[in-house]
Amino acid sequence: MPYVMVQIPNSAAPATPQPRSVPTSADVARLAGVSRATVSYVLNNTSAVRISEPTRRRVHEAAKELGYVPHAAARSLRAGHSRMVLMPAPSMPIGPLYSQFINDLQWALSRLDYTVVQYASVGLRGDEAARAWAELRPAAVLVPVGGIGPEGVAVLKRSGARAVVTLGSERIEGAHSLLVDHEGVGRVAGAHLYARGRRRIGVVVPEEPGLKVFSKPRLDGVRGAVEGTDASVTVLPLAYEEESAARLAARWPELGLDGVFAFNDEYAMLLMRALQDAGVTVPDDTALVGADDLVLGRLLRPRLSTVHIELPAGRDLAELVDRAVRNPGADAETHHVHGATLVHRDSS
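Cut-off values and rules
- Residues numbered from 1 in each chain as written.
- Predicted model: local features only at pLDDT ≥ 70, side-chain atom pairs only at ≥ 80, totals over all residues.
- Heavy atoms only, no water.
- Core = buried A, V, L, I, M, F, W, Y, C linked by side-chain atoms within 4.5 Å.
- Buried < 20%, exposed > 50% of the residue type's maximum accessible area, 1.4 Å probe, protein only.
- Helix = DSSP H or I, 4+ residues; strand = E, 2+ residues; numbered from the N terminus.
- Contact = heavy atoms within 4.5 Å.
- Salt bridge = Lys/Arg side-chain N within 4 Å of Asp/Glu carboxyl O.
- Pairing = 2+ DSSP bridges.
- Axes fitted to C-alpha atoms, helices over the stretch in contact; angles between N-to-C directions.
- Expected span 1.5 Å × (residues − 1).
- Arc of directions from axis to C-beta.

### So, the nonpolar core
So, step 1. If you look at the biggest cluster of nonpolar residues, it comprises 42 residues, and the most contacted ones within it are Leu109, Leu142, Phe261, Leu311 and Val321.
So, step 2. The element that contributes the greatest number of residues to this core is helix α5 (residues 95–111), accounting for seven residues.
So, step 3. Apart from residues lying up to four places away in sequence, Leu142 is in contact with Val85, Leu86, Met87, Pro88, Leu105, Leu109, Val165 and Val321.
So, step 4. In terms of nonpolar packing, the next biggest core, distinct from the first, is built from 26 residues, Leu211, Ala268, Leu270 and Val280 among them.

### Some thoughts on the pattern of salt bridges
So, step 1. One pass over the full model with this rule turns up 13 salt bridges.
So, step 2. Here Arg298 ties to Asp293 by a salt bridge, and the two come within 3.7 Å at their closest N and O atoms.
So, step 3. Residue class for Arg298 comes out partly exposed when judged on its relative accessible area of 37%.
So, step 4. The exposure class of Asp293 is buried, given its relative accessible area of 13%.
So, step 5. Bridged by salt links that share partners, the residues Asp293, Arg298 and Arg345 form one connected network.

### Points about the sheet that holds strand β3 (residues 140–143)
So, step 1. Taken in spatial order, the six strands line up as β2-β1-β3-β4-β5-β11 in an open sheet, and their pairing is parallel. Of all strands in the sheet, those bounded by a partner on one side alone are β2 (115–119) and β11 (334–337). Neighbour-to-neighbour, the strand axes of this sheet turn through a mean angle of 15°, independent of strand direction.

### Observations regarding the sheet that holds strand β6 (residues 200–206)
So, step 1. The strand order β7-β6-β8-β9 describes an open sheet built from four strands, whose pairing is parallel. Strand pairing shows two members of the sheet lacking a second neighbour, β7 (232–238) and β9 (287–289), which therefore form its edges. Across this sheet, the average inter-strand angle for adjacent strands is 20°, counted without regard to direction.
So, step 2. In this sheet, β9 lies alongside strand β8 (residues 259–261) in parallel orientation, the contact comprising three bridges. Residue pairing in the sheet places Gly259 in a bridge with Ala287 of β9.

### Looking at the pairing of strand β4 (residues 163–168)
So, step 1. The buried fraction of β4 is high, at six of six residues.
So, step 2. Along β4, one buried face is formed by Ala163, Val165 and Leu167 and the opposite face, lined by Val164, Thr166 and Gly168, is buried too.
So, step 3. Relative to β4, β3 runs parallel, the two sharing four bridges. Bridging across to β4, Ala140 finds its partner in Ala163.
So, step 4. Examined bridge by bridge, β4 and strand β5 (residues 176–180) share four bridges and lie parallel to one another. Residue pairing across strands places Val165 opposite His176, the latter belonging to β5.

### Comments concerning helix α3 (residues 53–66)
So, step 1. Look at α3: 20 Å from first C-alpha to last across 14 residues, which is about the 20 Å you get at 1.5 Å a residue.
So, step 2. Of all the positions in α3, only Thr55, Arg56, Val59, Ala62 and Ala63 are classed as buried. Along the long axis of α3, the arc covered by the buried residues comes to 130°, so they all point the same way. In α3, the exposed positions that point more than 90 degrees away from the buried face belong to Glu61, Lys64 and Glu65.
So, step 3. Along its buried surface, α3 packs onto α1 (25–32) and α2 (36–43).

Below you can see the structure in the form of C-alpha cells.
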C-alpha cells in the first residue's frame, strides 16, 4: 500500500499583544499642538498663568483621547505636598445630617482641586489610627467625630500633614477645631419640654457603641435646662432596633413619663412608632422631641418637633482647610457652631 508523506506546517503561536505604553504629558502636548508646560498648567488648574479657552479645550480633548491623567506623586513632588485630604470614616453611625454635611464638604474640597480619600481604620483608634493615616502622607486630615488626641495631631504633622481639622465637642491641641455644642442641643429640647408643662422627662441614650460622644452632652444639656425646677430626668437606654423600642414602650406605664427628648429624629421616629403601637398617645400622654430636623420628621403624624442644628457650610470648612494647607505655620483656628433652635410641631 503506497504511503504519502504529508508535512503539516507548524502553527505559529498567537502573538501576545504588547501592552500599550502609558501616555505622557509629551504625548498630550504633541496631539494638542502645545508645549508640555501648557499641558501642566491646564491639567493642574494653575491660576497664575492665563491660558485661552480654545487651548484649554484642545488639551482636555487630547488628554481624554489618549487616556492621560496627571501623575499625583509627581505633582506632589513639584508642589512640596500632596493634594490629598484624608477623611477617616466614622466608627459609629452619624446620621443623615452629618452625612450630608460631609458630602457637601467633599464636593467643596474637590472644587478647590483636592482629592478626598475616605479611610476605614477598622479596629484602630486614637494615636494608633493617626499613625496609620500618616503613612498615606496626606496634605490635610479631617477627623469628623473625635478619635484623635494631641499626640496623634503631632504624629500627623511630623509626617508632613499641613493641617488637621477636628469636628467634635472639644478642642484638640494643635488642630483646627470645629466645635459643635451638643449640650446646647439638649438644653434647647429640655427647656421646650418644661415650657410645655412636662415635668417627668425621659432622655434617650443610644446603646450603639461610639455615640456617647454625642449623647452624654445632650443628656447633660437636658439636665441643665431643668436644674433647680420641679422636673425630673430619667435616662432611657435604647438600641436602634424595633424590639428594643417595643420593650421600652411596654414599660411606659411604670415609667410615668410625660415628655421625651429622643436624642435625634431617627430615634424619635423609632420610639414614636413603638409608643403608638403600645397605646401611648403622642403628644397627649407623652410629648416627643428629636434633633437634626430631618425631612422625614415632617411627614410623620403627628409631625415631629425637633432641634434644628445649623452646621457650617461645607464651602466654609473647605476654605479653612485650603488656608491651613497654604499656610501651615499659622495658629490653629477654633470655630464654634451655634444655631440650635427648637422647631415646634405637633408631637410636643
